[in-house]
Amino acid sequence: GAQRSSPAGSRGGSKQRAAVGSQSGAAPRGLEATVKEDDQLVKFRTRVFRELAVECLVRADQLMEALGRLGYRRPPESWKQEIHQQACRGRSHLDRDDFLEFARRFEERFRATMQQRFDAADADGSGRISLAELPELLRLDDIEPFPLLPEDLVDEMLEADNTAKDGICLDHFIHMRNAALDRWGFTRAEAAELEANFRRHDHDGDGRITDARLRASLSWMGFRTRPEIVTALRKGMGREGPEVLGQAEFFNFMKRHREMHCEELRSALGPRGSLEREELQVVFERLGHRAVTPEVITEGLEDCKLTAKSDLAFDDLYRLVEQVRRKDFLQHAQLEEIKEAFTKFEAARGDDGGVCGVELSGAIRWLGFPQTLEQVQDILADFDIDESGVLELPEFAKVIGRFREEMILSVRRSFLEHDWDRDGTLSDREVRAVFLRMGQLPKEAHVAQGAGLDLWGFAALMERHRADVRDRQRENQGFTDVEVRRVTALFREHDPDGLGYLSNKRLSELIEELYPDVRTNPETHKRAKALLLQVDANHDGRIDLQEFLRLMRIAQDDKDEERLVADESAIKATRFARADVKEFRKVFHVFDNDTNGELSYEELKGMLGGIVPLGNNASKSLLVLLKAVDLDGNRELDFPEFLNLMRRLQDDDWNGINDRCAAIAEAAQEDGCDEWNGNSSARQHSAPAAVNNT
């Protein structure tokens, strides 16, 4: 078909749309059924001729391109050949008159064909068709009228020409056909979502995305499509291997993906062509959404105004699944809570550009999903799709949606694992086992409430329990129950007399412990003084336990912020992609045997010895490199220093490490062991993945 400059909208500028009338994406002008040549149309065709002509001639092999520029969508090659032969006697080059005659005859053929199709659909011969008759006309152009598309086309037409309310005329239909072809059969909202998603994953702005980014975009949109299915769909487009996709190819892929998705929905309906509401849970599971709760489905039915229906047909099911997917499988109240937390911590950051670092960690804790600093950094690597270094609200909502999904899947696994008698419910003993399996100490009230519940009833109980834990964390400055006990023990250690507060000498000792250079560094001294004023709510010069919790929260955030700044500085200096940094961090913690947050020389040798042989010379050179990047001189490497070492090893190809890593990564991929996270960016270096697999 003709090339598209933007699949989500009409081609060409305003002059072109005015010239081709209803043939383009513009509002129809009410042209007569037989084409009337006017000056404006001739001028437009002449301009297209001049754009293509060389020495006042257009080559015959350029005619398909010319038809695209004239506004025709998918012009048939056979029409072009026949009209070229009739109007120009098959000449290899066309002058201006030949070209205008070719264009005029093609328009006649196009209009006659559209009129013939339209008349066949116009059962009452009124010159207008109804919304119900539109789908069959669209199918003649290989446009599958999926649910919502016909209504969206009519709404769009009404915005351009109010006369469409009396029925769809030929010019209205041509306008709708062109709009549907331009958007690959998607509605305006669907096309806008796809276009935004493509831009989000087109990191370098070159108008192309890799296969890895294609898989990431599917995951981002909430599709659980297996890698082999993605490969099969790509092969169906005549493309194999890690080639890149332009925006038009991306839309074509998504069109095929939706066709496959709809086949899955039709298959779920079975021979009856409908299903009962009680079967919806099973349908979502068949689509790969095993964490969709009954409450989410019920709210989706309400959103789609389907609550009164006991049996759902294909259109109903399609609308429901799309509605649930667009909400990231969350409920309205959950989305509002996510927005509230995002706004709160975005304001704390003092910027309206998103959240990152300690603010991101705080927002996640506020919603009841406490994470370590390393986990927060991995979240940035996975969900900061545009690599801006911060998460915007849509990205943050994806993060929380993923946490909720993992939580529900964990509950589901634990439930099925501990339903020992396989009766679909839990006994008192089984409830206790599930709570302990999930790292929670069950109270007798929880046990009593959980006994006799089925899977989803128990999942709802665990959600209420999580909400209770979340509320306690909010009261305790974001600290978990375990962390509160640890902080309380530290408070009592500095309050040996049991006074219930810290002041004077005891308080000074605590500050020196938290900020060791407070007496020598003016900036640290200033920060510590401001911190005490901030947490001493009643200004009595004493810090009680609640104020101590606040102080420890701020001190921990300060420490985390310092680590984040150091990590970011190292990432920029080493030029590693965030996905590589994530892999390096995994390796770092695997080989940090004493969990002190640093790698010793022996731990480094243990890591690298699994990749390259370490003889005396290699061991000595490694020690030299360690000393070169060990900025604090303690002969151990923290994570930023570790990144600098990895960069040196790669740049110097130390001991042939690059080829060894590439071979390991290739072998792992062939064995099916190199499973990339759907949200991770494509690897720019082979070493991190290879080290991790080793």
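Given the structure is predicted, the values throughout are model-derived calculations rather than measurements. (Residues numbered from 1 in each chain as written. Predicted model: local features only at pLDDT ≥ 70, side-chain atom pairs only at ≥ 80, totals over all residues. Heavy atoms only, no water.)

A. Representation of the overall build of the chain within the structure. Tallying secondary structure elements over the chain gives 32 helices and 10 strands in all. When burial is assessed residue by residue, the chain has 50% of its 694 residues classed as buried. Sequence-distant contacts, at least 24 apart, represent 65% of the contacts inside the chain between residues at least 6 apart. Total accessible area on the chain is roughly 33500 Å²; 48% of this is exposed by carbon and sulfur atoms. (Helix = DSSP H or I, 4+ residues; strand = E, 2+ residues; numbered from the N terminus. Buried < 20%, exposed > 50% of the residue type's maximum accessible area, 1.4 Å probe, protein only. Contact = heavy atoms within 4.5 Å. Areas by Shrake-Rupley, 256 points an atom, 1.4 Å probe, with all protein chains shown as cover.)

B. Region of the structure containing the packing of aromatic side chains. A complete count under the given rule lists 21 aromatic pairs for this structure. Plain terms: the ring middles of phenylalanine 186 and phenylalanine 251 are 6.2 Å apart, the flat faces sit at 80° to each other, and that makes the pair edge-to-face. Of this pair, phenylalanine 186 sits in the loop between α8 (170-182) and α9 (188-201) while phenylalanine 251 sits in helix α12 (residues 247-269); the two residues are 65 residues apart in sequence, bridging distant segments of the chain. When sorted by exposure, phenylalanine 186 lands in the same class as phenylalanine 251, which is buried. (Phe/Tyr/Trp six-rings, centres within 6.5 Å; stacked < 30°, edge-to-face > 60°.)

C. Fine view of the pattern of salt bridges. Under the defined criterion, the tally for this structure stands at 58 salt bridges. The salt bridge partner of glutamate 51 is arginine 47, with a shortest N-O separation of 3.2 Å. Taken together, the residues span about one helical turn, with glutamate 51 and arginine 47 both in helix α2 (residues 39-52) at a distance of four residues. Two residues, glutamate 136 and arginine 139, come together in a salt bridge whose shortest N-O distance is 2.6 Å. Taken together, the positions of glutamate 136 and arginine 139, both in helix α6 (residues 134-139) and three residues apart, correspond to about one turn of that helix. Looking at arginine 139, the relative accessible area reads 37%, which means it is partly exposed. (Salt bridge = Lys/Arg side-chain N within 4 Å of Asp/Glu carboxyl O.)

D. A look at the side chain of histidine 84. When you line up the elements, histidine 84 lands in helix α4 (residues 77-88). Classification of histidine 84 by relative accessible area gives buried; the value is 10%. Engagement of the side chain of histidine 84 in a polar contact is seen with the backbone oxygen of arginine 91, the distance being 2.7 Å. (Polar contact = N/O pair within 3.5 Å; in protein donor to acceptor, adjacent residues only side chain to side chain.)

E. Looking closely at helix α17 (residues 357-366). The buried fraction of α17 amounts to nine of the 10 residues, a majority that puts the element mostly inside the structure. Those residues of α17 that fall on the buried side of the exposure criterion are Gly357, Val358, Glu359, Leu360, Ser361, Gly362, Ala363, Ile364 and Arg365. On its buried face, α17 is in contact with α16 (332-349), α18 (373-383), α19 (393-418), α22 (455-475) and α26 (545-574). Once α17 finishes, glycine 368 follows within two positions and takes phi at roughly 90°, a positive value.

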